[in-house]
Amino acid sequence: MSKTIRLILGDQLNANHSWFKTLDDAVVYVMMEIRSETDYATHHIQKVVGFFSAMQAFADELKAKKHQVIYLHLNDEDNLQSFEKNIQNLISKHDFKHFEYQLPDEYRVDLDLKQLCQSISISSSVVDSEHFFTSRTELGDFFEGKKTFLLESFYRMLRKKHHVLMDGSNPLTGKWNYDSENRKKLPKNHKATSPLVFNTDVSEILNEITKTDIKTIGTIDASNFVWPINRKQSLELLDFFLAECLHLFGSYQDAMAPNEWSLYHARISFSMNVKMISPQEVIDKAIQEWEKRPTEIEYNQLEGFVRQIIGWREYMRGIYWLKMPEYANMNFFNNQEKLPDWFWTGKTKMNCLKDAIGQSLNYAYAHHIQRLMITGNFALLAGIHPDEIDAWYLGIYIDAIEWVEITNTRGMSQFADGGIVGTKPYVSSASYIDKMSHYCGSCFYKKEVKTGDKACPFNSLYWNFYDRNEDKLAKNPRIGMMYNVWRKMQPEAKTALLEQADYYLKNINEL
């Protein structure tokens, strides 16, 4: 009997894939924990444990359904620690005649597997991962001939194509986008819903990792792992979000508060990015919940959530496949600095950064505004090299896989792509942070002070950023107003701001 070997990657845990619809004695699935995947970035320990736990659970589910599975654990003697070496070894050992894999989501792995197919002596084929709403090339095809890649146009096209929140060819309610209603600060003393966490014991997997010299960051409680590691838990987390959080998600999705690491966010990005749940079922379930409770869940809460899934997520993936590999080297501002040491410890006197980084180290998670307007904002103002920031984001977050991380980091957050993803740099002084959070009130620095003792670093760094990059930004229509303000300032005020920024940048590790 001709035997086929099928590779399942760690982010391809899709139980509903057509591969698994039939049982076939001539098909063997292989999954592998390998050093080439643990070592391409310095990952959060919870990320490595999360991936391995989910992979092992998925392999066990396949075996329970009587599929044939070869699973290579990290420290197995016959694990050669790369896709190519392991596949070559298995082909020679088991006399496989055909190799199959699903389209990977990372450019790096895509190249690896294409090279693998050229190096093996048997036939090979590739199939879709059957997860996304769009193909790799759909965004490029949609914007062909256009100079700009407007998310809103792409979002509307996908809503129409997939009949999501539509009334015929028009959007439900007559309005496409409710973003302007989704920017509220949490009321003072507001107690958010306690997040659903899982208490899985992952000590066995952690022990295997600690036997190696794999370098990781962050903390973990091995007896109480909080993230979902299988489809059942992932659906449980989704259901919890829909029942307990969706009704306030839109309003407070940009809000930040000390000691509130989850707020009203779904935290299903890890589950989705490893494909334990699909974007289609997430959206379907959210719409069903809204239809059940239309008076409790206002439409703007639902639309804001749906836009994240069918709009932003698909858009970022489309940009990735359109612009890689060049995208990974873009550095529009030619920023060259290194990340401050406290990005790895959270030990800074700036409350907002201490909280966002501390939370990231403790939970391998921060929500999008903490990433964009706290850590990302500071890194851009400080002129940090995009490579440094990419590596940090890719490593520290459990949901960070390059296709979604690099476009958000290098594009949206750092404007290193010069405006492919965002129409302007997302920078702010302390005023925005205070408007959207409760960090500033108890901070060592004073939000309203621009220069001198205890001046908030964001204030002088903000104006220093605009001054430093005037040749690149002055003609940007979305920020011309800021240059008008800057030009009208008294010369001595400008000098004081630039000197303050210079002092902070030279002493960045002490902030």
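Residues numbered from 1 in each chain as written. Predicted model: local features only at pLDDT ≥ 70, side-chain atom pairs only at ≥ 80, totals over all residues. Heavy atoms only, no water.

Draft legend 1. Representation of the nonpolar core in the model. Counting 157 residues, the largest nonpolar core has Phe305, Leu353, Phe378 and Tyr466 as the members making the most contacts within it. Residue contributions to this core peak at 12 residues, all from helix H12 (residues 299–323). In this structure Leu353 touches Trp342, Phe343, Thr348, Gly358, Ile374, Thr375, Phe378 and Phe458, once residues within four positions along its chain are discounted. In terms of nonpolar packing, the next biggest core, distinct from the first, is built from 22 residues, Val30, Ile87, Ile91 and Ile120 among them. (Core = buried A, V, L, I, M, F, W, Y, C linked by side-chain atoms within 4.5 Å. Buried < 20%, exposed > 50% of the residue type's maximum accessible area, 1.4 Å probe, protein only. Helix = DSSP H or I, 4+ residues; strand = E, 2+ residues; numbered from the N terminus. Contact = heavy atoms within 4.5 Å.)

Draft legend 2. Focus on the pairing of strand E4 (residues 68–72). The element E4 is extensively covered by neighbouring structure, given that four of its five residues are classed as buried. Pairing geometry for strand E2 (residues 27–32) and E4, over five bridges, is parallel. The residue bridging Val28 from the neighbouring strand is Gln68, located in E4. (Pairing = 2+ DSSP bridges.)

Draft legend 3. Expanded view of the side chain of Asn331. Inspection of the secondary structure puts Asn331 in the loop between H12 and helix H13 (351–363). Polar side-chain contacts of Asn331 include one of 2.9 Å to the backbone oxygen of Asn335. In contact with Asn331, other than residues within four places in its own chain, are Gln336, His385, Pro386 and Ala416. (Polar contact = N/O pair within 3.5 Å; in protein donor to acceptor, adjacent residues only side chain to side chain.)

Draft legend 4. Layout of the packing of aromatic side chains. Counted according to the given criterion, the structure contains 45 aromatic pairs. Taking the centre distance of 6.1 Å and the plane angle of 35° together, the rings of Tyr252 and Tyr264 count as tilted. With Tyr252 in helix H9 (residues 246–252) and Tyr264 in the loop between H9 and helix H10 (269–273), this residue pair connects regions lying 12 residues apart in the sequence. With a relative accessible area of 12%, Tyr252 lands in the buried category. Arranged with centres 5.9 Å apart and planes meeting at 35°, the rings of Tyr393 and Tyr397 form a pair that is tilted. Classification of Tyr393 as buried rests on a relative accessible area of 5%. Under the relative-accessibility criterion, Tyr397 is labelled buried at 1%. Aromatic ring contacts, followed pair by pair, group Phe332, Phe333, Phe415, Tyr462, Trp463, Phe465, Tyr466, Tyr483 and Trp486 into a single cluster. Over the aromatic face of Trp227 sits the side chain of Arg267, whose NZ or CZ is 5.7 Å from the ring centroid. Here the guanidinium or amino end of Lys424 rests over the ring plane of Tyr426, the centre of that ring lying 5.5 Å away. (Phe/Tyr/Trp six-rings, centres within 6.5 Å; stacked < 30°, edge-to-face > 60°. Lys NZ or Arg CZ within 6 Å of the ring centre and 35° of its normal.)

Draft legend 5. The environment of Asp341, seen in detail. With respect to the secondary-structure elements, Asp341 resides in the loop between H12 and H13. The exposed category is assigned to Asp341, whose relative accessible area is 51%. Sequence separation between Asp341 and Asn509 is 168 residues; the distance between their C-alpha atoms is 6.0 Å.

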